[in-house]
Structures are given as structure tokens and as C-alpha cells.
Amino acid sequence: MRKKDILVVDDDELVCNSLREMLGIEGYEVDSTLDGMDALQKLRETKYSLILSDIRMPSIDGIELLKEVRGNSIDSLLIFITGHGHIDGAVEAIKLGAYDYITKPIDDLRLKLTIKRALEQKQLLASIRSLKKKIRPWELDERIIIKDRKMTELLDIIHMVSDTMATILITGESGTGKSMLAKYIHRHSMRSDGPYVELSCGTLAETLLESELFGHVRGAFTNAMRDKKGKFEEAGGGTIFLDDINCASLNCQIKLLRVLQEKIFERVGGNESIPTDVRIITATNTPLTEEVEKKRFREDLYHRINVVSLFIPPLRERLGDIEPLIEYFIKRFNEAHNKKVRGISKSALQLCYNFQWPGNVRQLENVIERSVILAQGDFIIPEGLPEELRQDPMRSVESEDLTLAVAVAEAEKRILFRCLKQNNWNRQTTAQMLGISRTTLFNKMRQHQIEDPRKNNETYN
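Everything in this summary refers to the structure shown in the same document.

When its secondary structure is counted, the protein shows 19 helices and 14 strands. Taking all 461 residues of the protein together, the buried fraction comes to 44%. The contacts in the protein between residues at least 6 apart in sequence include a share of 67% that link residues at least 24 apart. Of the roughly 24,400 Å² of accessible surface on the protein, 49% is carried by carbon and sulfur atoms.

In C-alpha cells, the structure reads:
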């Protein structure tokens, strides 16, 4: 498509010629037309930065032209030319999205200044859009709090698949943020304007789960007093997130498989086939491959929902996220509980790094809320953390269920982590302290997935 600066639209040939000549002298590339219909045709063939249009014209007036421009997502600013008796129409046009209006008789200087400002604004908006394309979308979303490399790499993958219709399976331990991630995918998908519906398959009995998913007809079971829509109908045109998908019964799995294959379902107790248009995201904290082997989960359904698999690492493997998450939770709970905690002390933060976080981000959130509520000073200190965090972290490896090899590996990981923290993550100094080479230390850090939380985990000191 060709590009030009300005399209002049006015049914007065004298005005058209005058404006085209004046703006041409100013250095603009200008086209003109006497008719609104012809203007629409030109807009299909040429990309104009600005449209300069009369409001009162035959066939299509300026307001209709503006609506067509906006309705067809034409990226052109529009300035109206209007007589004094038509000011109200020009003001209404501004409300509909026009950039500005100029009254007749036209003041050449004012027109030039208005055009200059409009084109400068358009250039600025184009620069902002270009910058946003270079910035990862999750960096613009305040609800996503991450710095750890594992999570930034995961969200880069999500950015690639969000705008597709691919079915997604999210895996990870409880409390890692699977529901949050599903909502994020929906917000950044082509279905973001549609509904987002969430349901945990592990909280309902088989009959109730099928009713919640597919709806039911009156009389389908006891207390079914009226027809009811299910989540798949509610999510039409949007996204449905099914958490704890491993808890769905085999009978329910068969119905889910049909939805994925044929895009239709029937309400419980009904015979009418209902079409559905939803994007399905599922999640589980249980390895589905093991459930398939034990015949508790259908293999064909597993392959259907596992088109794109996203694994959220546990918090103990995302050390880089701990501090920013704590800062976010402190700010949030300050506002919620009318507190003024400024931050967390270094010693308390160290305890958070050392802890295993079996409940992951959800547990960290609860710990920080408690600490903010009970804080008596400006900072969260070790004494303000739960006792389990203040205990010797080596106790976490004391278990009759652990093999000697696992216990030794856990102990080595703890020692490495403590020494690295003590030496401000300087590998050379830490290697000398431990009596090993720098290369050996680096390999052990990779083996135990120990990463420097201070520098976005991109390099080690």
C-alpha cells in the first residue's frame, strides 16, 4: 500500500485546490477528492497519515466518513473543516474520535499548526507502539511479578502461544501460580474480550462436576428444578480453565474429549447437541503420565490437552523471584491492613532464601501478610517470621523417607548456598573457601540449580 501525508476531502473544488497547493508548498504529499465515496476508495488504496475533511458533503458527509475510518481500523487522524453554523457537528465529531476542527474561513497559520501537532502526535504514538513491541508484554503487566530467568523464559514461550487456539496444559506444584498464569494467557490472547471461566475439577463430585461443566436440563436429577447453563456455555467465545484436571472422572473425561474433538456437548439429561467455541487451558499438580499408566486418565485426552505444556518451577528453584514477590506483597498488605512497613531486613530475607517453601508462592504470600500485620517497626525482621522459617534449614532434610544420597545432595546444596551468600555470590572467593576449583563450583551450582537472585540470574559473579 502506498503512503502519503494528507488526503483533502471537500465538495468545493476551489477549497480542495487551494488546500492541496498550500500544503504542497509546505512539503506535504497531498491527494484530494470532491466526494466522500471516492475518499473511502482512496483510503483502501493509500495509507494517509491525516485526513482533512469538510463536514457537510453529498453522498457521505464527514461524520459518516469518520465512522467508516474508525470502523475499518484505518490509522489516519482526521481534522474537520466546518462553517460557523456547524460547530455543534464538529464538536460531536471530536467526541467520536476526530483529532480537531478548523472553522471557515480557514486561517492558514492555525491550519498549519494544527496539522503539525497532529502529525507529531501520530509519530509519537507510532514510536510508543514500536517500543511496546520490543518490550516483553509481561513487563507491562503489574500482576506478573518475576525476575527469575526460568520464569522469564517461560513467559517468552507463553507470549508465542497466547494468541493461538492451542490447548495448554499447565503443570507445577500447588501454590506455584497456575491459575494466575491461565488468566495471564487469556488476557494476552485474541479472546481477551471474551469471558474467562475457571473451575476446579477436584472440588466437586462426579455428577456435580458434569453439571457445572455442561449444564443440565430440568429433571435430570434430584433438585434439578430448571434448565441450567454449564461453564462451557458461559465461556463461549472466551477461555475455560480447568484446574486439577486429573480429578475428573473417566466418564467426564470422555465428554471432555468429545468437546475437544467435535466442539459439541449435551447437557446432563438432555439430547440436544450444543456447539461450543472455547479455548481450553488445563492444569494439574499430579504427573498425568503416571495417571495414564495407572488407567486413571485417558491417554487420548492427555494428548489432546497436552498440545502445549508449561511447567511452573517451584519457588525454591526460583530464588530470583523471592525478593520482588516480597516487595509486592508488602506493598499490597500495607494497603489492605493500613500498615507502613518499608521492607524486609537482610537477615529476614536470608531466611526466606534458605527456606524450601513447600507451599510455594501461596505460602510466601501468607507469611508476608502475617509478618506485615504483626510488624512493630519499619521492617520485617527474623523475629517477625514464623518459627518454621527461623529453624535451622538443615532440619528440612531430616526425614526417614530420604535416602542417604538425597540427604547428602541436600546438605551439599545448603552448604553451597550459604557460602555463596556469605561471599556476596563471588564464585572465586567461595571456591577458595570450599577448597574446590571455580569450575567445580560452577558445575555444582548447575547441578543443584543454584542461581544468583540479585542479577536476574543471567550471570554469576
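Further remarks concern the layout of surface pockets. Computed from the structure, the largest pocket encloses a volume of approximately 580 Å³. Thr-176, Gly-177, Met-180, Val-361 and Glu-365 are the residues nearest the centre of the largest pocket, which is lined by 24 residues in total. Breaking the lining of the largest pocket down by element, the ones donating at least two residues are α7 (178-187), α13 (319-337) and α15 (360-374). Take the lining of the largest pocket: its biggest share by element is 5 residues, from α7. Grouping the constituent residues of the lining of the largest pocket by class yields 8 nonpolar, 6 polar and 10 charged.

With that out of the way, let us pick up the packing of aromatic side chains. Enumeration according to the criterion identifies 8 aromatic pairs in this entry. Ring centres of Phe-417 and Trp-425 lie 5.6 Å apart, and the angle between their planes is 80 degrees; on these two criteria the pair is classed as edge-to-face. Exposure class is identical for Phe-417 and Trp-425. Each is buried.

Read from one edge of the open sheet, 5 strands run β7-β8-β11-β6-β12, paired in parallel fashion. This sheet does not close on itself; its edge strands, each paired only once, are β7 (196-200) and β12 (308-311). Averaged over neighbouring strand pairs, the angle between their axes works out to 20 degrees when direction is ignored. Relative to strand β8 (residues 239-243), β7 is paired through 5 bridges, and the arrangement is parallel. Residue pairing in the sheet places Glu-198 in a bridge with Phe-241 of β8.

Now for empty space enclosed by the protein. Per the stated rule, a full pass over the model turns up 3 cavities of 30 Å³ or more. Of the pockets and cavities examined, the largest cavity occupies roughly 110 Å³. Forming the boundary of the largest cavity are Arg-316, Leu-319, Tyr-353, Asn-354, Phe-355, Gln-356, Lys-413, Arg-414, Phe-417, Gln-449 and Ile-450. Sorting the residues of the lining of the largest cavity by element identifies α14 (346-354) and α17 (404-422) as the ones contributing at least two each. By residue number, the principal contributor to the lining of the largest cavity is α17, which donates 3 residues. When grouped by side-chain class, the residues that make up the lining of the largest cavity number 5 nonpolar, 3 polar and 3 charged. Taken together, Leu-242, Ile-245, Leu-256, Leu-260, Ile-280, Thr-282, Leu-301 and Ile-305 form the lining of the second largest cavity. When contributions to the lining of the second largest cavity are tallied by element, the ones reaching two or more residues are α10 (250-262), β11 (279-284) and α12 (299-305). Here the lining of the second largest cavity is composed, by residue class, of 7 nonpolar, 1 polar and no charged.

Okay, the packing of α13 against α14 next. Running from N to C, α13 and α14 point in directions that differ by 135 degrees, and their axes come no closer than 10 Å. Taken together, the axes of α13 and α14 are oblique relative to one another. Crossing geometry of α13 relative to α14 is assigned as right-handed. Judged by residue contacts, Leu-319, Ile-322, Glu-323 and Ile-326 of α13 engage Leu-349, Cys-352 and Tyr-353 from α14. Considered class by class, the residues forming the contact of α13 with α14 number 6 nonpolar, no polar and 1 charged.

Okay, helix α1 (residues 13-25) next. For α1, spanning 13 residues, the distance from its first C-alpha to its last is 18 Å, which sits close to the expected 18 Å at 1.5 Å a residue. When α1 is considered as a whole, its buried residues turn out to be Val-15, Cys-16, Leu-19, Met-22 and Leu-23. Here the buried residues of α1 occupy an arc of 145 degrees about the axis, which is enough to place them on one side. Along α1, the residues that are exposed and aim more than 90 degrees away from the buried face are Glu-13, Leu-14, Glu-21 and Ile-25.

With respect to the helices and strands, Gln-253 occurs in helix α10. The exposure class of Gln-253 is buried, given its relative accessible area of 0%. A polar side-chain atom of Gln-253 sits 2.8 Å from the main-chain carbonyl oxygen of Ala-248. With residues up to four places along the chain from it excluded, the contact list for Gln-253 reads Ala-248, Arg-296, Phe-297, Arg-298 and Leu-301.

Another aspect to go through is unusual backbone geometry. That bond from Lys-104 to Pro-105 is cis: its omega, -5 degrees, falls within 30 degrees of zero. By secondary structure assignment, the location of Pro-105 is in the loop between β5 (100-103) and α5 (108-134). Phi is positive for Lys-263, which is not a glycine, with a value near 60 degrees. One non-glycine residue with positive phi stands out, namely Lys-295, at about 65 degrees. Structurally, Lys-295 is set in the loop between α11 (288-293) and α12.

This part covers the nonpolar core. If you look at the biggest cluster of nonpolar residues, it comprises 35 residues, and the most contacted ones within it are Ile-322, Ile-326, Trp-357 and Ile-368. Of all the secondary-structure elements, those providing two or more residues to this core are α13, α14, α15, α17 and α19 (438-447). The biggest single contributor to this core is α13, with 7 residues. Excluding its chain neighbours within four sequence positions, the residues that come into contact with Ile-322 are Leu-315, Leu-349, Cys-352, Tyr-353, Trp-357 and Leu-364. In terms of nonpolar packing, the next biggest core, distinct from the first, is built from 28 residues, Phe-214, Ala-235, Leu-242 and Ile-274 among them.

The rules we used
- Residues numbered from 1 in each chain as written.
- Predicted model: local features only at pLDDT ≥ 70, side-chain atom pairs only at ≥ 80, totals over all residues.
- Heavy atoms only, no water.
- Helix = DSSP H or I, 4+ residues; strand = E, 2+ residues; numbered from the N terminus.
- Buried < 20%, exposed > 50% of the residue type's maximum accessible area, 1.4 Å probe, protein only.
- Contact = heavy atoms within 4.5 Å.
- Areas by Shrake-Rupley, 256 points an atom, 1.4 Å probe, with all protein chains shown as cover.
- 1 Å grid on protein atoms, 1.4 Å probe; cavity = no way out; pocket = protein on both sides within 12 Å on 5 of 7 lines; lining within 4 Å.
- Points joined across faces, edges and corners; volume = space filled by probe spheres on them.
- Nonpolar A, V, L, I, M, F, W, Y, C, P; charged D, E, K, R; others polar.
- Phe/Tyr/Trp six-rings, centres within 6.5 Å; stacked < 30°, edge-to-face > 60°.
- Pairing = 2+ DSSP bridges.
- Axes fitted to C-alpha atoms, helices over the stretch in contact; angles between N-to-C directions.
- Parallel < 35°, antiparallel > 145°, perpendicular 65-115°, else oblique.
- Left-handed = near helix turned anticlockwise from the far one by under 90°.
- Expected span 1.5 Å × (residues − 1).
- Arc of directions from axis to C-beta.
- Polar contact = N/O pair within 3.5 Å; in protein donor to acceptor, adjacent residues only side chain to side chain.
- Core = buried A, V, L, I, M, F, W, Y, C linked by side-chain atoms within 4.5 Å.

Honestly, it's all geometry; don't read function into it.
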